[in-house]
Each structure stands twice: as structure tokens, then as C-alpha cells.
Amino acid sequence: MGLLSLKYQRPDHVDKERFRRDNSSLSENEKSDTSLKSGRSGASSGIPDALTFDRIISGGTCPPCTTRDFMNYLVYIEHAAENLQFFLWYRDYVKRFDEANTSDTRLSPEWTAAMEDEAVARIKKDAVEKMRLQSKALGIFKGTDFEKGPMDVVVANTDPFLTPPDTPSVQDAPSVFSGSQVSSFRTQAQDAFTAAGATLPFTIQPFRTEINRVIATYIMDDAPRQLNLSSREQKAAVQALAHTTHPSALRAVAASVEDTLRRQAHPNFVRWSICNGNPARVTFARGLGVSLILLATAGALLLTLSNAGRGWRALFAVGWVLGIATLIAAAKGMCVVLHGLHHRHVRPWELFDPEYSSSPPDESELEDQGELGRKRKAGDSFDSFGSSNSYEDEPWVMRYEKRNVVRKVFDREVWIREPALRQIQDTIFVQSMLAALLAAGVLTAVFVAVPSGGFF
């Protein structure tokens with residue numbers, strides 16, 4: 001593959017807080033248009049067509065830009081894996097619901113846009129009414145010891161007789177959870193319905209058990225994989241799910257999640273994937289670049305102050321070129337030595353995975369690999385209804401922290417298999433070399449033009 005344009009720039013890092021502020025100011029149509037541009041064209045934002053969001057999700061890329069790599073990035077770096085987990089589940093759920101040809105699917109009608117607007121308007125009205133009552137209460141207590149305002153009191157529904165019996169649907173897939181877990185999901189979902197002011201749903205609707213798990217895992221407060229939804233979006237989704245299990249009930253939530261993945265997580269993932277070295281190696285490369293520049297400058301100064309001919313000073317242009325190119329590449333997360341081999345460092349969470357091992361592990365590493373495998377089986381990131389995405393208790397964390405700096409600098413390497421990523425790195429390397437040649441040429445011209453000092 002050839003190079004990209006020499007004007008190429010990496011995707012800008014999209015800050016979460018800034019994205020939320022900007023996103024809140026866009027209309028739904030603007031969000032959709034922007035999402036499509038980010039997800040498909042991609043080239044205008046520094047993402048080539050071969051690394052678009054749709055291509056990564058569909059499995060059309062090679063490591064380190066696969067769906068698995070994207071998930072690992074969201075778990076360990078972005079700390080927002082719940083978005084991709086929900087997105088993958090919802091896409092599969094829509095397919096399964098559409099393929100269900102049994103009669104009970106008629107019990108779950110489509111949640112229309114008009115119904116969505118009506119629910120949102122009701123939620124807004126309730127919020128305004130609550131604020132009005134609070135303001136009135138503040139006026140009553142003004143001038144008293146209770147002037148700070150009364151606290152909201154949430155009365156939990158503890159009457160067990162208000163919970164209707166659960167009737168399993170013929171369309172519910174076989175559950176991998178025990179009866180107590182299913183009952184727990186149902187109870188949590190019913191608490192969410194009550195908190196949102198929604199009526200309890202029909203339990204004979206298809207996929208109702210699975211929807212209860214979704215609410216308990218992604219939607220309700222303090223869920224293990226709670227999505228970053230506003231209070232209004234959360235209540236609207238719960239009210240929609242109380243009415244129907246049709247995929248359209250989660251259409252707004254899915255659109256918001258997909259927009260975040262396309263316009264915030266995906267550009268950040270591509271930018272992060274361009275880095276071929278770990279932080280220790282990149283820091284080492286920066287120090288090496290600065291050292292080469294300083295050594296070349298010191299040597300040129302010594303020759304300038306001596307009786308040596310001016311032509312000898314041009315030899316230090318080699319040091320300036322190497323140092324400046326190394327420094328510019330390191331500023332973009334790249335090590336030129338690794339790039340020369342088209343290698344990258346193995347990620348910390350991959351180090352103790354046998355798949356990435358190029359040499360037989362020792363006994364302690366085999367033990368850690370077995371423990372790591374058990375951990376992954378217990379909490380696979382691709383499990384739609386797994387536990388939280390916390391990784392602090394994974395074995396690699398403690399073991400990687402114990403590795404000394406030198407070992408991190410020269411950690412295990414693997415070949416970069418994705419051609420589009422190698423093309424980006426080649427372009428950045430050429431940009432670094434051209435900038436280094438230009439800067440070194442200027443420095444060389446300056447030192448050669450200065451008369452000899454003749455001090456020694």
C-alpha cells in the first residue's frame with residue numbers, strides 16, 4: 001500500500017466531557033448526519049475507509065484493529081465498554097426479534113415516535129411540577145430553621161402483593177441463570193418501573209425475561225454496566241420497556257450509544273492504535289531523541305570553536321535528523337525502531353496470554369495464564385449480561401506493575417497485521433523524516449555559516 005497524503009493528521013482526541021456538551025446542543029438529525037459521516041467516510045477526520053466503525057464491527061479488519069481490540073480498548077483504556085456491549089446485544093436482539101414468527105410477538109407492539117414524544121413530554125411536565133412544588137415548599141419554610149429546603153423522601157414499595165406473578169413467554173430463550181437470578185432481575189426491573197412512574201408490564205410478552213436483564217444490567221441506577229444516560233432518557237426508556245419488548249422501545253437509547261461509539265470512542269481507538277510502543281518505550285524514545293539532538297549540537301559547537309574546517313560541522317546533520325525524527329514520531333506515540341520492523345508492543349493485558357507468546361513461558365507464567373483464562377471465562381467482555389467491567393482484580397495488573405522499567409521498554413513485540421494501520425504509520429514516519437531533514441538543514445546551514453572560533 002502507498003502512503004496517505006503528506007498533510008495527513010491523526011484523528012483528534014475526543015474528550016468525554018466536551019463530547020457530552022457538544023452532543024447536548026445537537027438536534028437528532030444533526031447527530032445522525034454527524035454519526036454517518038464519522039462512521040463511513042472517515043477520511044476527513046484522519047480515519048481511512050479501511051478502518052471505519054462499520055468495517056471494524058463487521059470483522060473486516062486485522063489485529064490490532066479488530067472488534068476484540070476495540071472492546072479491550074474500551075475496557076482497559078476508555079473505561080466505557082458497556083456502550084459496545086449494549087450495541088452488540090441490541091443489534092443481535094433486533095435480528096432475533098424480527099426472525100421470531102410466533103403469534104406472541106403481537107403482544108409487543110412497536111413503540112412509535114409519537115409515543116416516545118408523549119412519554120418525554122410527560123417526563124418533562126413531571127420534572128417541572130416537582131420543581132414548582134419544591135419552590136413552594138422553600139417559600140413556606142423561609143425564615144425558619146428548615147430554610148434550606150425539605151429533602152426528597154423516596155418511599156420504597158415493600159408490599160409483596162403488588163408484584164404480579166411472572167408467566168414465562170414461549171419466545172424467551174433458555175436462561176443460563178438460576179431461578180433466583182431471574183427473580184432478582186425481575187424484582188430490579190419492577191423497582192425501575194415503579195421509580196419511573198410506569199405501570200408494571202405484561203409478563204407474557206416475548207423476551208420479557210431478557211428485557212428485565214437489560215434493565216437490571218444497563219438501564220437502571222447502580223446497574224453493573226449502567227449506560228451514561230440522562231435522567232430523562234433513562235425514564236423514557238423504562239416507560240417504553242414497560243409498554244412493550246419491541247426493539248423500537250430502545251431505539252433512542254441505541255441511537256445515543258451508537259452515536260457515542262462512532263463519534264467519540266471510535267476516533268480515540270484509531271488514534272490509540274497508531275501508537276506502537278508502550279508508555280515506557282515512548283518515553284525512552286523521547287529521551288533518545290533529545291539526547292541525539294543535544295549531542296549533535298554540542299559536537300557542532302565544539303567544531304565551531306576549534307580550528308577544524310567548516311565542512312566537518314555538516315556531519316552532525318545526521319544526529320539532528322535522527323534525533324528530530326525520533327522526537328517527532330515519539331510525540332505521536334511511535335517508536336521508529338519498532339516501526340522499522342512493523343512491530344508493536346504487546347498490550348499489558350495480552351502479555352500473559354499464550355496467543356501472544358513467542359517463547360515458552362516459565363512455570364510462574366503458566367500459572368498466571370491459567371488464572372487469567374479462568375478470570376476471562378468468568379467475566380467475558382462479550383458476554384451481554386456479565387458482571388461489571390472492572391479489571392483491577394485480573395492477575396496481569398499486579399504482575400505488570402512488578403515489571404521493572406527496562407523490561408517494559410523492551411517488552412514482547414508482535415507484527416502489525418492491519419495494512420491500513422501500517423499505511424498510517426508509514427505516513428507519519430515520512431512526515432517525521434521530512435520535518436527532521438528540514439530542521440537539520442537549517443541548523444547545519446547556521447553552524448556552517450558561522451566563522452571558526454580558533455580557540456583550540
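What you see as residue numbers is a count from 1 along each chain, following the sequence as written. Given that this is a predicted model, residues contribute local features only at a pLDDT of at least 70 and side-chain atom pairs are listed and counted only at 80 or more, while totals for whole chains, interfaces and linings are drawn from all residues. To obtain the side-chain values, all non-hydrogen atoms of the structure were included, while hydrogens and water were left out.

Undergrad: Hey, could you run me through the overall build of the chain in this one?
TA: Along its length, the chain carries 17 helices and two strands. Taking all 456 residues of the chain together, 45% fall into the buried category. It only takes one pair of heavy atoms within 4.5 Å for two residues to be counted as in contact. Excluding contacts between residues fewer than 6 apart, the proportion of contacts in the chain whose partners are at least 24 apart in sequence is 80%. Each helix is a run of DSSP H or I of at least 4 residues and each strand a run of E of at least 2, with the numbering of both proceeding from the N terminus. The buried label applies to any residue whose accessible area, calculated with a 1.4 Å probe on protein chains only, is under 20% of its type's maximum; exposed applies above 50%, and partly exposed to all values in between.

Undergrad: How should helix α9 (residues 231–243) be read in this particular structure?
TA: In an α-helix, one turn spans 3.6 residues; hence positions three or four apart end up facing the same way. One fewer than the residue count of a helix, multiplied by 1.5 Å, yields its expected span. For α9, which comprises 13 residues, the first-to-last C-alpha distance of 19 Å matches the rise-based estimate of 18 Å (1.5 Å per residue) to within 8%. Within the sequence span of α9, burial applies to Q234, A236, A237, V238, Q239, A240, L241 and A242.

Undergrad: Help me out: how do you make sense of the nonpolar core in this one?
TA: Note on soluble globular proteins: their nonpolar side chains tend to be buried together. Of all hydrophobic cores here, the largest spans 74 residues; its most connected members are F70 and F86. In this structure, F70 is in contact with F53, I56, I57, L84, L261, A265, H266 and F269, ignoring residues within four places of it in sequence. Counting residues in each nonpolar core, the second largest holds 10 residues, with I324, A325, A440 and F447 among its members. Here the nonpolar core consists of buried residues drawn from Ala, Val, Leu, Ile, Met, Phe, Trp, Tyr and Cys, with membership extended through side-chain atoms lying within 4.5 Å.

Undergrad: Even after reading the chapter, I still don't get the packing of helix α12 (residues 317–331) against helix α17 (residues 419–449), so can you show me in this structure?
TA: Any two packed helices are characterised by the angle at which their axes cross and by the distance between the axes. Note on geometry: axes are lines fitted to C-alpha atoms, helical ones only across the stretch in contact, with angles between N-to-C directions running from 0 to 180 degrees. The interhelical angle for the contact between α12 and α17, taken along N-to-C directions, is 140°, at an axis separation of 8 Å. The chirality of how α12 crosses α17 is right-handed. Facing α12, whose interface residues are A317, W320, V321, I324, A325, I328 and A329, α17 presents S432, M433, A435, A436, L437, A439, A440, L443, T444 and F447. Throughout, the ten residues Ala, Val, Leu, Ile, Met, Phe, Trp, Tyr, Cys and Pro are labelled nonpolar, Asp, Glu, Lys and Arg are labelled charged, and all others, Gly among them, are labelled polar. Its residues assigned to classes, the contact of α12 with α17 shows 15 nonpolar, two polar and no charged. Each helix crossing is assigned a hand: it is left-handed if the near helix lies turned anticlockwise from the far helix by less than a right angle, otherwise right-handed if that turn is clockwise.

Undergrad: Is there a simple way to explain the confidence of the model for the chain in this structure?
TA: Should pLDDT be low for a region, the predicted coordinates there are not to be read in detail. Put simply, the chain has an average pLDDT of 81, and 77% of its residues get 70 or more. The predictor attaches a confidence to each residue, and that confidence, scored 0 to 100, is pLDDT. Model confidence for the chain, summarised as mean pLDDT per element, is weakest for helix α14 (residues 363–378) at 43 and strongest for helix α3 (residues 53–57) at 96. Within the model, the stretch residues 34–44 combines pLDDT values under 50 with 22 contacts to residues more than four positions away or in other chains. Every residue in residues 359–379 is under pLDDT 50, and counting partners more than four places away or in other chains gives 21 contacts.

Undergrad: How should I be thinking about the packing of aromatic side chains in this particular structure?
TA: Centre-to-centre distance and the angle between the planes together describe a pair of aromatic rings. The rule is short: rings of Phe, Tyr and Trp, with Trp giving its six-membered ring, pair when the centres are within 6.5 Å, and they are stacked under 30 degrees, edge-to-face over 60, tilted in between. Applying the stated criterion across every chain yields a total of 23 aromatic pairs. Ring plane angle 55° and centroid distance 5.7 Å describe the contact between Y73 and F269, whose orientation is recorded as tilted. Residue Y73 is found in helix α4 (residues 67–78), and its partner F269 is found in helix α10 (residues 251–274); the two are separated by 196 residues along the sequence. For Y73, a relative accessible area of 3% corresponds to the buried category. Given a relative accessible area of 0%, F269 falls into the buried group. An aromatic cluster is defined as three or more aromatic residues linked by ring pairs; in this entry it consists of F53, F70, Y73, Y76, F87, F269, W272, W349, Y391 and W396. Look at NZ for Lys and CZ for Arg. If either is within 6 Å of the ring centre and within 35 degrees of the ring normal, a charge sits over the ring. Here R213 stacks its cationic end above the ring of F385, 6.0 Å away from the centre of that ring.

Undergrad: Which parts of the structure should I look at to understand the pattern of salt bridges?
TA: Once their charged atoms are close, side chains differing in charge can pair, the charge on each being opposite to the other. Salt bridges are defined by distance alone: a side-chain nitrogen of Lys or Arg within 4 Å of a carboxyl oxygen of Asp or Glu. The tally for this structure, following the rule as stated, stands at nine salt bridges. In this structure, the salt-bridge partner of D54 is R262, at a minimum N-O distance of 2.7 Å. Taken as a pair, D54 in helix α3 and R262 in helix α10 lie far apart in primary sequence, 208 residues in all. On the accessibility criterion, R262 (4% relative accessible area) is buried.

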